[in-house]
Amino acid sequence: MTNYNSMPIFELVYVVVNYGMGSRILHKAKEYGISGGTIFLGKGTVNNSLLNFLSLYDERKEIVLLGTDNHTADHALVELNKEFQFEKPNHGIVFTTSACEIIGSRCYKSEENEEGRGVNKLMYQNIITIVNRGKAEEVIEAAKAAGSKSGTIINARGSGVNETSKLFNMDIEPEKEIVIILSKEDITEAIVTSIREKLEIDKPGNGIIFIQNINKAYGVYE
């Protein structure tokens, strides 16, 4: 039997940067102990008349997803911020979320370790919505109506014409879109409710929403 309490804590590191920067992020991440990652193409969706909440404009973005243990993630986050200066406007954003053990499907959480790292009160959460192609803008509109300032849209693709990836038993094919929205925790419920109602997420095949707690972040502007 696997002892989840004795296993290392893993984290996912998300880095959202301008198009063409993803390879540089991966290269530097390897220097800081992260062996590899994945780059997704996305699009920022902030209206210039709104506050620049995520420092993302309506242009092509690259989302770099990295996975590592929590100690390496902490070190890499600090060093990546020094190198790419995410705290400056329009330089991108980086944040981490807790991850499940890779082989199994059971999530685990160590209260003692999180308290020791200073994670006593979460301030932001990551709302991920997967919908049919062409519906991402409706997700953004619903989120804005509930207080969100922006998000990032990713065009999701399967691994082949006759083969698709699955997330929570939902096919991820070329006609799907993924929307990533960082939210203050006190308005997450309102944003999720707005998206859920506008997109009728509860109806089969209309989409799926899941939420991740943000452990640390650089480059978030209000």
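As a reminder, the structure under discussion sits directly above these lines.
The notes below deal with the structure included here. Chains are numbered independently. Their residues run from 1 in the order of the written sequence. Local features are withheld for residues below a pLDDT of 70 in this predicted model, meaning they are given only at 70 or higher, and side-chain atom pairs are given and counted only at 80 or more; totals for whole chains, interfaces and linings count all residues. The side-chain figures draw on all heavy atoms in the structure; neither hydrogens nor water molecules are used.

A few points about the pattern of salt bridges
- The salt bridge definition used is simple: a Lys or Arg side-chain nitrogen within 4 Å of an Asp or Glu carboxyl oxygen. Under the definition given, this model contains six salt bridges.
- For aspartate 74, the salt bridge is made with lysine 216, and the minimal N-O distance between the two is 3.6 Å. Taken together, the positions of aspartate 74 in helix 2 (residues 70–84) and lysine 216 in strand 10 (residues 208–218) put the pair 142 residues apart, joining distant regions of the chain.
- Judged by relative accessible area, which is 18%, aspartate 74 ranks as buried. Here a strand is any run of E in DSSP of at least two residues, a helix any run of H or I of at least four, and the numbering for each starts at the N terminus. Note on exposure labels: buried denotes an accessible area under 20% of the residue type's maximum, exposed denotes more than 50%, and partly exposed covers the range between, all computed with a 1.4 Å probe on protein chains only.

Some points on the packing of helix 1 (residues 22–31) against helix 2
- Axes here mean lines fitted to C-alpha atoms, for a helix over just the part in contact, with angles spanning 0 to 180 degrees between N-to-C directions. For the pair helix 1 and helix 2, the least separation of the axes is 10 Å and the interaxial angle reads 135°. Classified by the angle between their axes, helix 1 and helix 2 sit oblique to one another. Both helix 1 and helix 2 take part in a crossing whose hand is right-handed. On helix 2, the residues that touch Arg24, Ile25, Lys28 and Ala29 of helix 1 are Leu80, Glu83 and Phe84.
- Residue polarity follows a fixed list, in which Ala, Val, Leu, Ile, Met, Phe, Trp, Tyr, Cys and Pro are nonpolar, Asp, Glu, Lys and Arg are charged, and the others, Gly among them, are polar. By residue class, the composition of the contact of helix 1 with helix 2 is four nonpolar, no polar and three charged. With respect to orientation, any angle under 35 degrees is reported as roughly parallel, any angle over 145 as roughly antiparallel, any angle of 65 to 115 as roughly perpendicular, and every other angle as oblique. If you view the pair so one helix is near and one far, a crossing is left-handed when the near helix is turned anticlockwise from the far one by less than a right angle, and right-handed when it is turned clockwise. Whether two residues are in contact is decided by their heavy atoms, any of which lying within 4.5 Å being enough.

Don't take any of this as a statement about function, it's just geometry.
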